[in-house]
Amino acid sequence: MLIIAGLGNPGAKYSENRHNIGFMAVDAIHRRHRFSPWSKKFKAEIAEGEIAGEKVLLMKPQTFMNLSGEAVGEAMRFYKLKPADIVAIHDELDLPAGRARMKTGGGHGGHNGLRSLDAHCGKDYRRLRLGIGHPGDKERVHGHVLGDFAKIDRTWLDPLLDAIADNADLLLQPDESKLMNKLALATGGKEETAKVKTEKPAGQSHIRQARNSAQPKKLPETGPMAEMLKRMFSKKGD
């Protein structure tokens, strides 16, 4: 069994907060796949189901963010699982909004939900880090994470959540690159790739570029300029 735990704070007051993107992701998975209705157990809302033939327990700890590990740790011990059987989905200040990264183990980076998971589950669980961006000023961090997503954020947030749900089977695989690629494409990575390709023609020498752009134009046939152009555009090489 795999536990996919979205981190967040319970209650309508927090439901649209940036800090609750983990809850949002797990809700999206629940809607897209065959899971039982939400019920309460392990100090959490849980739903049981299967993804790609594997048993999965979705969790939304109801302990508030700072005590998330109490709920996840209780479920981990009940099912006799290891930290490697846990995927925590959470908000990440240190990633630009809409970016996603997978990580196994490591520090909590000041994230209180991860700090609690470290204490109750050990550190060797996998984390799907979902970027919410940094407000730029340390004093504004608290208001930023506990603030609601703006309407304009939906241009990347909804595609990201949909892509996580569509590709939830990749959360079960050790190769993280496939999932990262899917999420990047869903949030605009395809446009960035296309841009790189259009800028690639640099590899040609300056003279060859000049030749390609200048050839359609009518060139002077006599005079010093004509002699120079003949030498530049001759077939003897650049």
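Residues numbered from 1 in each chain as written. Predicted model: local features only at pLDDT ≥ 70, side-chain atom pairs only at ≥ 80, totals over all residues. Heavy atoms only, no water.

1. Description of the pairing of strand β3 (residues 44–51)
Item 1. As paired elements, strand β2 (residues 39–41) and β3 share three bridges and run antiparallel to each other. When the bridges of β3 are listed, Ser39 appears paired with Ile46.
Item 2. Between β2 and β3, which pair antiparallel in sequence order, lie two residues; one of them, Phe42, sits at a positive phi of approximately 60°.
Item 3. Note that β3 and strand β4 (residues 54–61) share eight bridges and pair antiparallel. Of the residues in β4, the one forming a bridge with Gly49 is Val56.
Item 4. Connecting β3 to the antiparallel partner β4 that follows it, the hairpin turn spans two residues, and Ala52 within it adopts a positive phi of roughly 55°. (Pairing = 2+ DSSP bridges. Helix = DSSP H or I, 4+ residues; strand = E, 2+ residues; numbered from the N terminus.)

2. Thoughts on the UniProt feature "site: Discriminates between blocked and unblocked aminoacyl-tRNA" (unreviewed entry) in the protein chain
Item 1. Residues given the UniProt feature "site: Discriminates between blocked and unblocked aminoacyl-tRNA" (unreviewed entry) here are Asn9.
Item 2. Position of Asn9 relative to the elements: it lies in the loop between β1 (2–6) and α1 (21–32).
Item 3. Apart from the residues lying within four places of it in its own chain, the contact partners of Asn9 are Tyr14, His19, Asn20, Phe23, Phe64, Met65 and Leu146. (UniProt positions renumbered as here; feature names shortened; annotations may be inferred. Contact = heavy atoms within 4.5 Å.)

3. A few points about the UniProt feature "binding site: tRNA" (unreviewed entry) in the protein chain
Item 1. Cross-referencing UniProt, the feature "binding site: tRNA" (unreviewed entry) maps to Tyr14, Phe64, Asn66 and Asn112 in the present numbering.
Item 2. Counting through the fold element by element, Phe64 comes out in the loop between β4 and α2 (68–78).
Item 3. Those residues in contact with Phe64 that sit more than four places away from it in its chain are Gly8, Asn9, Pro10 and Tyr14.
Item 4. Summarising the element assignment, Asn112 is placed in helix α3 (residues 112–121).
Item 5. Accessibility expressed as a relative area gives 33% for Asn112, which makes it partly exposed.
Item 6. Excluding residues that lie within four positions of it along the chain, Asn112 makes contacts with Met65 and Asn66.
Item 7. Reaching out from Asn112, the side chain makes a polar contact with the side chain of Arg115 at a distance of 2.2 Å. (Buried < 20%, exposed > 50% of the residue type's maximum accessible area, 1.4 Å probe, protein only. Polar contact = N/O pair within 3.5 Å; in protein donor to acceptor, adjacent residues only side chain to side chain.)

4. Quick word on unusual backbone geometry
Item 1. You will see that Ala52, though not glycine, has its phi angle at about 55°, which is positive.
Item 2. Mapping Ala52 onto the fold places it in the loop between β3 and β4.
Item 3. Its identity is not glycine, yet Lys80 carries a phi of approximately 55°, on the positive side.
Item 4. According to the relative accessible area criterion, Lys80 is exposed, its value standing at 73%.

5. Observations regarding the packing of aromatic side chains
Item 1. With the rule as written, the count across this model stands at five aromatic pairs.
Item 2. Ring geometry for Tyr14 against Phe64: centres 6.0 Å apart, planes inclined by 85°, an arrangement best described as edge-to-face. Of this pair, Tyr14 sits in the loop between β1 and α1 while Phe64 sits in the loop between β4 and α2, placing them 50 residues apart in sequence.
Item 3. Ring-pair connections join several aromatic residues into one group, and the members of that group are Phe42, Phe78 and Tyr79.
Item 4. Lying over the aromatic face of Phe23, Lys60 brings its terminal NZ or CZ to 5.9 Å of the ring centre.
Item 5. Across from the ring centre of Trp38, 4.3 Å away, lies the NZ or CZ of Lys60, which sits over that ring. (Phe/Tyr/Trp six-rings, centres within 6.5 Å; stacked < 30°, edge-to-face > 60°. Lys NZ or Arg CZ within 6 Å of the ring centre and 35° of its normal.)

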